[in-house]
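Residue strings, one per chain:
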Amino acid sequence: MLSLSGLNWPAIIVAAIAFFGLAAIWYQPSVMGKKWMEAAGVEPSSDGPKPAFFVVTFVAYLVMATVLAMIARGVGASTFGEGLVLGLLTGFAFVALQAMVNAIYEGRSKWIVAANGGIGIIGHTVMAVIVTLWA
């Protein structure tokens, strides 16, 4: 049964922080940031992103980590391999494929899919491993 009771909240918070940190690196111009900005039509702001963007992003990652912890516990995942598979599957099925569908309808390039889908797969995998092993 999927339930919020008994979840390891420190693991969930660490998992969300890990995804946040990975995404901060991923979207740097020298990694995927420049390609993502071009594909998304985003112009770099001289002021930088608004602080609210970071708050919303972190809360979203907390929700994702919570759901991954619920799924991991619900299916009885407890090993590195099981966390790895859970993260790869959810990252690919729920994030990368949605990024691809959105890009098709929005007429965006493969780079938007690579940037957004790629970090989704990586982030979900890291979060799932953390909440699975640290259950």
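Residues numbered from 1 in each chain as written. Predicted model: local features only at pLDDT ≥ 70, side-chain atom pairs only at ≥ 80, totals over all residues. Heavy atoms only, no water.

Trainee: How would you explain the packing of aromatic side chains if you had to name every residue and give the values?
Mentor: Counted by the stated rule, this structure contains five aromatic pairs. Ring plane angle 75° and centroid distance 6.4 Å describe the contact between Phe20 and Tyr61, whose orientation is recorded as edge-to-face. Residue Phe20 is found in helix 1 (residues 9–26), and its partner Tyr61 is found in helix 3 (residues 51–75); the two are separated by 41 residues along the sequence. Exposure remark for Tyr61: the relative accessible area of 10% places this residue in the buried category. Ring geometry for Tyr27 versus Trp36: centroids 5.5 Å apart, planes at 70°, classification edge-to-face. A relative accessible area of 27% places Tyr27 in the partly exposed class. (Phe/Tyr/Trp six-rings, centres within 6.5 Å; stacked < 30°, edge-to-face > 60°. Helix = DSSP H or I, 4+ residues; strand = E, 2+ residues; numbered from the N terminus. Buried < 20%, exposed > 50% of the residue type's maximum accessible area, 1.4 Å probe, protein only.)

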